[in-house]
Amino acid sequence: MEETDLIVLWGSNARETHPIFFHHVLKAIHRGAKVYVVDPRRTATAEWADGWLPVHVGADIALANAVAATILEEGLANREFIRRATSGFEEWEAYTRSHTPEKVASITGVEPSLVRRLARDYARADRAMICWTLGITEHHNGVDNVLGLINLALVTGHVGRWGSGLNPLRGQNNVQGGGDMGALPNKLPGFEDVESAAARAKWEALWGRPIPPKQGLHLTGMFEAMAHGQLRALYVLGENPAQSEADKTRTIKLLAGLDHLVVQDIVRTKTAELAHVVLPASVSFCESEGTVTSSERRVQRVRKALAPPGQARDDIDITCELSKRLGYDMGMPAPKQAWDELRRASPLHGGMSYERLEALGGIQWPCPDETSEGQRFLHARLWKEPVEGRRAPFHVVHDEPPVEALDRDYPLRLTTGRRLDSFNTGVLSRGYESPRRLGETVDLSPHDAGALGVQEGEKVRVVSRRGAVVAPVRVDPGLRRGLVFMTFHFPDEVDTNQLTIDAADPRSGTAEFKAAAVRVERLEAPQR
């Protein structure tokens, strides 16, 4: 990141939501890198940008196609890379060429000249990176949003080289590690496909138990199954869906209707208050032994410094004890034993012994054996002649507006996000004070605040088709007319997820937190 020439932060307010990562962005800026920010809001991150593209909420695909159309029109495509390393280019090019910045300007809300400047700078840069976060994925078509960005990297060849690539910034610590370990409905550890007979056979031999041959449900699918009475028991580990899921009224109803709800966590969350059984767990960074994996795939050791208090137990001990009571006694393996078992079968982790992780200060997967020191970046194979393995496919992606349209009753677009001083549903971050903490507000553009006749700090009612909340106004000059911003950091005071819609991407299961239709009402008539 620090050595790249151009950075595109798309749907990412990294200065506030990934502040440590943003320090690396600043180092790149100070050595001359250009930065473009694609975001409906003029955020703190956008203040550092060479160009801010104020895309309308939900128009990311239209904008990505417009950037690509410019690259094609102006002869900036890396034809040699495309020929050698990709597939599906002709079909994609035929569809994309007509989506010029001028043609889609009414959809994107971005000045065509700015789109063309981004396209030229990105394509001509020696090294360039696209980074994104929930501003891209928390849409009903989030997967297609990501594919649209991948198309840009493929058409320019900005992938598989040091300083060039695609970087999905993780929103929480060790999210990458959870996926690596198979905490996904369609994957085994090491990202092997659960529907692959060969992959299942390998893990079945190691574990001594059969693995279901079909993928499971993602989070949204679980709630759908609850709604239809097909899922009657739930085991929640380190999650707080009662406050983090969209359409909270529906979420609480479904959780409360379960026959059996088990919550394993380090604090008493709102979800835990609904549970039939609560299992007090350990704090992973200081009360457990094990590993953690960063966004850059670097596996590092975590060392136990403190014993869990009271009746709290290490997560691995809880898992093993529960397994025994369910009829499968796996013993009580030490964390190192469990890790070494993973290494025997995962194609990514074979060479990552505890000793090597210590000696090398962490290793980036894949590291198949102990002759390897891991890989600093992925997809270098695409630059080999001939290319090794599967070619990288282009995907035709179609622009779709948000599920919930604006109308006379709900004329404003609510988008949600995070602030620097708080984290997620605030269960942990509310436990300490911060001089930067504002509490929850409903952020309005100066135009909309003026049209409504409301002042900074005045409480108003925010109403969607699912519920209503009351919050004080904050006037934000970084918001354009018609755009409203809120967080979900303070659900005990202002429960923003009463407003959000549970429409979800059918492939990822991620809800459309970034696009709800609302109206804002004054609580009191103005005094005469």
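Not measured: the values here are computed from a predicted model. (Residues numbered from 1 in each chain as written. Predicted model: local features only at pLDDT ≥ 70, side-chain atom pairs only at ≥ 80, totals over all residues. Heavy atoms only, no water.)

Caption draft 1: Highlighting the overall build of the protein chain. A tally of regular secondary structure across the protein chain gives 20 helices and 21 strands. The C-alpha atoms of the protein chain give a radius of gyration of 24 Å, which matches the 24 Å a tight globule of 528 residues would have. Out of the 528 residues in the protein chain, the part that is buried amounts to 51%. For the protein chain, the share of sequence-separated contacts (at least 6 apart) that also reach a separation of at least 24 residues comes to 67%. Put simply, the protein chain shows about 24500 Å² of open surface, and 53% of that area lies on carbon and sulfur atoms. Averaging the locations of the 65 positively and 70 negatively charged side chains of the protein chain gives two centres separated by 1 Å. (Helix = DSSP H or I, 4+ residues; strand = E, 2+ residues; numbered from the N terminus. Rg over C-alpha atoms; globule rule 2.2 N^0.38 Å. Buried < 20%, exposed > 50% of the residue type's maximum accessible area, 1.4 Å probe, protein only. Contact = heavy atoms within 4.5 Å. Areas by Shrake-Rupley, 256 points an atom, 1.4 Å probe, with all protein chains shown as cover. Lys, Arg positive; Asp, Glu negative; His and termini not counted. Charge placed at Lys NZ, Arg CZ, Asp CG, Glu CD.)

Caption draft 2: Region of the structure containing the sheet that holds strand β3 (residues 51-53). A sheet is described by the order of its strands in space; here five strands give the open sequence β3-β2-β1-β5-β6, paired in parallel fashion. Here the strands that pair on one side only, and so sit at the sheet edges, are β3 and β6 (165-168). Taking the axes of each pair of neighbouring strands and ignoring which way they run, one obtains an average angle of 15° across the sheet. (Pairing = 2+ DSSP bridges. Axes fitted to C-alpha atoms, helices over the stretch in contact; angles between N-to-C directions.)

Caption draft 3: A look at the sheet that holds strand β10 (residues 260-265). Here three strands make up an open sheet; going across it, the order is β9-β10-β11 and the pairing parallel. Two strands lie at the open edges of the sheet, namely β9 (233-237) and β11 (277-280), each paired on one side alone. The average angle at which neighbouring strand axes cross in this sheet is 10°, direction not considered.

Caption draft 4: Expanded view of the domain arrangement of the protein chain. Each assigned domain of the protein chain is listed with its residue range as follows: domain 1 (6-163), domain 2 (175-364) and domain 3 (412-522). With centres defined by C-alpha atoms, the gap from domain 1 to domain 3 works out at 26 Å. Both sides of the domain 1 and domain 3 interface together cover about 1900 Å² of buried area, and 54% of this is carbon and sulfur. In terms of surface lost to domain 3, no three residues of domain 1 exceed Arg41, Glu138 and His140, which account for 35% of the buried area on that side. (Domains from an automatic or database assignment. Buried area = accessible area lost by both parts, 1.4 Å probe.)

Caption draft 5: Region of the structure containing the pattern of salt bridges. Under the criterion given, the structure shown has 42 salt bridges. Linking Lys514 and Glu138 is a salt bridge whose minimum nitrogen-to-oxygen distance equals 3.5 Å. With Lys514 in the loop between β20 (483-487) and β21 (516-522) and Glu138 in the loop between α8 (134-137) and α9 (142-156), this residue pair connects regions lying 376 residues apart in the sequence. Taken as a pair, Lys514 and Glu138 share a single burial class, namely buried. Counted as one network, the salt bridges with shared partners bring together Glu73, Glu74, Glu102, Arg116 and Arg120. (Salt bridge = Lys/Arg side-chain N within 4 Å of Asp/Glu carboxyl O.)

Caption draft 6: Main features of empty space enclosed by the protein. Here the structure, examined in full by the defined rule, presents one cavity of 30 Å³ or more. Size it by volume and the largest cavity reaches roughly 90 Å³. Contributing to the lining of the largest cavity are Thr220, Phe223, Glu224, Glu245, Ala246, Arg250, Thr251, Asp502 and Ala511. Counting residues per element, the ones that place at least two in the lining of the largest cavity are α12 (219-227) and α14 (248-256). (1 Å grid on protein atoms, 1.4 Å probe; cavity = no way out; pocket = protein on both sides within 12 Å on 5 of 7 lines; lining within 4 Å. Points joined across faces, edges and corners; volume = space filled by probe spheres on them.)

Caption draft 7: Expanded view of the packing of aromatic side chains. Under the defined criterion, the tally for this structure stands at seven aromatic pairs. On the basis of an interplanar angle of 40° and a centroid distance of 4.8 Å, the ring pair of Phe81 and Trp383 is categorised as tilted. Taken together, the positions of Phe81 in helix α4 (residues 79-85) and Trp383 in the loop between β14 (363-364) and β15 (392-393) put the pair 302 residues apart, joining distant regions of the chain. On the basis of relative accessible area, Trp383 is assigned to the partly exposed category, the value being 31%. Geometrically, the ring pair formed by Phe191 and Trp365 is tilted, given 5.9 Å between the ring centres and 50° between the ring planes. In this pair, Phe191 sits in the loop between β7 (187-188) and β8 (192-193) while Trp365 sits in the loop between β14 and β15, placing the two residues 174 residues apart along the sequence. In textbook terms, an aromatic cluster arises when at least three aromatic residues are bridged by ring pairs, as seen for Phe89, Trp92 and Phe394. Here the guanidinium or amino end of Arg297 rests over the ring plane of Trp365, the centre of that ring lying 5.6 Å away. (Phe/Tyr/Trp six-rings, centres within 6.5 Å; stacked < 30°, edge-to-face > 60°. Lys NZ or Arg CZ within 6 Å of the ring centre and 35° of its normal.)

Caption draft 8: Quick look at the nonpolar core. Judged by nonpolar contacts, the single largest core of 46 residues is most densely connected at Trp10, Leu53, Ile71, Tyr122, Leu152 and Val155. Of all the secondary-structure elements, those providing two or more residues to this core are β1 (6-10), β2 (34-38), α3 (60-73), α4, α5 (89-96), α7 (112-124), β5 (128-132) and α9. In terms of residues, this core owes the most to one element, α3, which gives seven residues. The residues contacting Tyr122, other than those within four sequence positions of it, are Leu6, Val8, Ile71, Ala128, Ile130, Leu152, Ala153, Thr156 and His158. In terms of nonpolar packing, the next biggest core, distinct from the first, is built from 18 residues, Val460, Ala471, Val484 and Val520 among them. (Core = buried A, V, L, I, M, F, W, Y, C linked by side-chain atoms within 4.5 Å.)

Caption draft 9: Molecular detail of the pairing of strand β19 (residues 468-475). Here strand β17 (residues 442-444) runs beside β19; their pairing, made up of three bridges, is parallel. Residue pairing for β19: Val442 is matched across the bridge by Val473. Sheet topology places strand β18 (residues 459-463) next to β19; five bridges connect them, and they run antiparallel. Among the inter-strand pairings, Arg461 is bridged to a residue of β19, identified as Val470. Between the end of β18 and the start of β19, which pair antiparallel, lie four residues.

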